[in-house]
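Residue strings, one per chain:
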Amino acid sequence: MESRAAVGARRPTLITVAELAGVSLKTASRAINGEPNVAPATREKVRAAARSLGFRRNAVAADLARGGASSVVGFIAGDLANPFYSAVAGGMERELRRRGHQLMITSSDEDPERERDLTAELMERRVGALIVTPAGADHEALGREVEDGLPVVLVDRPVAGLDVDSVVIDNRGGVAAAVEHLLAHGHRRIALIGDDSDVWTFQERREAFVDTLVAHGVENPERYVRPGAHDAGLARAFVSEILEDEEPPTALLAANNVITLGTLQSLREHRSRHVALVGFDDFAAGDLLNVTVVDYDAGELGRHAAMLACLRIEDPTRPTHSVVVPTRLVARGSGEITPA
């Protein structure tokens, strides 16, 4: 047989494999893809030729050639710099691998235009399904793909008017538990430091925050609400400002893990040891820093999203389904500080 070196720098194709093995292109394709009706000796001859040439099977092309969907599932995350999305993607990958699929990960960086571009690019790659953490409010392009039959699952944030499968966190229950925990420790002046106001998760958490305070008779519950802390630096600035109020809050609720980090920086700078803190989302050093958090299994979001995507590929007509992943409050010390 012709060696790999003799072939040179050319990338081997199925045609060159067939020529080297002395069989037709159709027979080579059947042998490489493990299809029936190929004699064992022929199959081995084709595979030997493929090994010699360094040929790599194009799994996506093979799936599509047989009339099936691609085994690749695309995931458009919000921001891969946030460990939350890494954990979600890990849960997806494990479930997809178990079901014979592969995961392709991209990130919109919370940019709606980039999300639209990535959706188009993944469609060009003929992914079998798409899992998205939606950015912004305009999802017309995604809606068109759903209408054309693309299996879509939304993770962490649903989209109004888009009838697709979704997986979300119990945002309201988690915030209610955090606020009630702080109230039980004597706090009435509680601040909420949150993300941009158009982010669905923060909208849910803000509403639960206000509703819980109102239910416990706290007047002017939005007095200490500060939206727009999209990164740790902004969170740090907002907390510093609010701590300098004439009547500052005695407790803080940070609406996500990135905001919690910025909040901790500000508390340290102000040496505010008597201000209680609860963070929504656990983080790597949360236990070391004794931060009380609202925790949940981010990997479960990914696992459920992957499972729903696979079920939608198998049965496009099945009713849409929504999964809510539960939360739990983990008391470590910072949320148990009482007002000075």
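All residue numbers refer to positions counted from 1 along the written sequence of the respective chain. Where local features are concerned, this predicted model is filtered to residues with pLDDT of at least 70; where side-chain atom pairs are given and counted, the filter is 80 or more; whole-chain, interface and lining totals use all residues. The side-chain numbers reported here are obtained from all heavy atoms of the structure, hydrogens and water having been left aside.

Q: Is there a simple way to think about the pattern of salt bridges in this case?
A: In the sections that follow, a salt bridge refers to a side-chain nitrogen of Lys or Arg positioned within 4 Å of a carboxyl oxygen of Asp or Glu. Overall, the coordinates contain 20 salt bridges when judged by the stated rule. Residues Arg-114 and Asp-109 are paired through a salt bridge, measuring 3.9 Å at the closest nitrogen-oxygen approach. The closest approach of N and O atoms between Arg-223 and Asp-245, which form a salt bridge, is 3.6 Å. Of this pair, Arg-223 sits in the loop between helix H10 (200-215) and strand S7 (225-226) while Asp-245 sits in the loop between helix H11 (232-243) and strand S8 (251-254), placing them 22 residues apart in sequence. Burial classes: relative accessible area under 20% of the type maximum marks a residue as buried, over 50% as exposed, and values in between as partly exposed (1.4 Å probe, protein chains only). You can call Arg-223 partly exposed: its relative accessible area is 32%. Each of Arg-172, Glu-204, Glu-207 and Asp-211 takes part in salt bridges that share partners, so that together they form one network. Helix numbering and strand numbering both begin at the N terminus, where a helix is a DSSP run of H or I of at least 4 residues and a strand a DSSP run of E of at least 2.

Q: When you look at the sheet that holds strand S6 (residues 190-193) in this model, what are you seeing that I'm missing?
A: Within a sheet, neighbouring strands are paired by backbone hydrogen bonds and run either parallel or antiparallel to one another. Strands were regarded as paired on the criterion that DSSP finds at least two bridges between them. Taken together, six strands build an open sheet; the order of strands is S7-S6-S8-S9-S10-S12 and the sheet is mixed. Taken across any chain shown, the strands that pair with only one partner, and hence form the sheet edges, are S7 and strand S12 (328-330). With respect to the sheet, H10 is in contact with S6, S7, S8 and strand S9 (276-280), its orientation differing from that of S6 by roughly 170 degrees. Working rule for contacts: check all heavy atoms of both residues, and any pair within 4.5 Å makes them a contact. Lines are fitted to the C-alpha atoms to define the axes, a helix being fitted only along its stretch in contact, and any angle between axes, read from their N-to-C directions, falls within 0 to 180 degrees. Of the strands in this sheet, S6, S7 and S8 touch H11, which is tilted by about 160 degrees from S6.

Q: Help me understand the sheet that holds strand S1 (residues 72-77), please; the structure alone is not making it clear to me.
A: Overall, parallel pairing links the six strands, which are arranged S2-S1-S3-S4-S5-S11 in an open sheet. The sheet terminates laterally at strand S2 (102-107) and strand S11 (322-325), the two strands that pair on one side only. The average undirected angle you get between the axes of adjacent strands in this sheet is 15 degrees. With four bridges connecting them, strand S5 (residues 165-169) and S11 associate as parallel partners. Opposite Ile-169, over in S11, you have Val-325 as the bridge partner.

Q: Explain the nonpolar core here, please?
A: The nonpolar side chains of a soluble globular protein tend to be buried, and buried together. By convention a nonpolar core is built from buried Ala, Val, Leu, Ile, Met, Phe, Trp, Tyr and Cys residues, the set being connected through side-chain atoms within 4.5 Å. Core analysis: the largest hydrophobic core is formed by 64 residues, its most contacted members being Phe-75, Ile-131, Val-155, Phe-209 and Leu-301. The dominant element in this core, judged by the number of residues it contributes, is helix H13 (residues 298-314), at seven residues. Grouped together as the second largest cluster of nonpolar side chains are 14 residues, Leu-122, Leu-130, Leu-142 and Val-159 included.

Q: Any chance you could explain the packing of aromatic side chains here in plain terms?
A: Here is the rule: rings of Phe, Tyr and Trp (six-membered ring for Trp) pair when centre to centre is within 6.5 Å. Planes less than 30 degrees apart are stacked, more than 60 are edge-to-face, and the remainder are tilted. Applying the stated criterion to the full structure yields three aromatic pairs. Here the aromatic rings of Phe-84 and Tyr-85 are separated by 4.9 Å at their centres, their planes lie at 75 degrees, and the arrangement is edge-to-face. For the pair shown, Phe-84 and Tyr-85 are each scored as buried. Residues Phe-280 and Tyr-296 carry aromatic rings whose centres are separated by 6.2 Å and whose planes lie at 45 degrees to one another, so their mutual orientation is tilted. Of this pair, Phe-280 sits in strand S9 while Tyr-296 sits in the loop between strand S10 (292-295) and H13, and the two are 16 residues apart along the sequence. Here Tyr-296 falls in the buried class, since its relative accessible area comes to 12%. Joined through ring pairs, the aromatic side chains of Phe-84, Tyr-85, Phe-280 and Tyr-296 make up one cluster. We note Arg-205 situated over the ring of Phe-280; from NZ or CZ to the ring centre the distance is 3.8 Å. The rule for a charge over a ring is simple: NZ of Lys or CZ of Arg within 6 Å of the ring centre, and within 35 degrees of the ring normal.

Q: Before we go on, may I ask you to explain the packing of helix H2 (residues 14-21) against helix H4 (residues 40-53) in this structure?
A: For any two helices packed against each other, one specifies the inter-axial angle together with the distance between the axes. Viewed as axis vectors pointing N to C, H2 and H4 meet at an angle of 120 degrees, and their least axial separation amounts to 9 Å. When the axes of H2 and H4 are compared, the pair comes out oblique. Here H2 and H4 pass one another in a crossing that is right-handed. Across the interface between the two elements, Thr-16, Val-17, Leu-20 and Ala-21 from H2 touch Lys-45, Val-46, Ala-49, Ala-50, Ser-52 and Leu-53 from H4. Considered class by class, the residues forming the contact of H2 with H4 number seven nonpolar, two polar and one charged. When describing relative orientation, an angle under 35 degrees is termed roughly parallel and one over 145 degrees roughly antiparallel, while 65 to 115 degrees is termed roughly perpendicular and anything else oblique. Crossings are sorted by hand: turned counterclockwise from the far helix by less than a right angle, the near helix makes the crossing left-handed, and turned clockwise it makes it right-handed. Polar here means any residue other than Ala, Val, Leu, Ile, Met, Phe, Trp, Tyr, Cys and Pro, which are nonpolar, and Asp, Glu, Lys and Arg, which are charged; Gly is therefore polar.

Q: Any chance you could explain helix H7 (residues 112-124) here in plain terms?
A: Given 3.6 residues per helical turn, the α-helix brings residues three or four places apart onto the same face. Over its 13 residues, H7 runs 19 Å from end to end, which matches the ideal 18 Å to within 8%, given 1.5 Å per residue. The complete set of buried residues in H7 reads Glu-115, Leu-118, Thr-119 and Leu-122. Considered in projection along H7, the buried side chains sweep an arc of 105 degrees and stay on one side of the axis. Lining the buried residues of H7 we find S1, S2, strand S3 (129-132) and helix H8 (140-147). Any pair of N or O atoms that falls within 3.5 Å is considered a polar contact. Within protein, one atom must be able to donate a hydrogen and the other to accept it, and sequence-neighbouring residues count only if both atoms are side-chain atoms. For H7, the side-chain oxygen to backbone nitrogen distance between the N-cap and Glu-113 is 3.0 Å, and the N-cap itself is Asp-111. Looking one or two places after H7, you find Arg-126, whose phi comes out positive at around 60 degrees. Under the convention used throughout, the expected extent of a helix is 1.5 Å for every residue step, that is, one less than its residue count. Directions from the helix axis toward the C-beta atoms define the arc.

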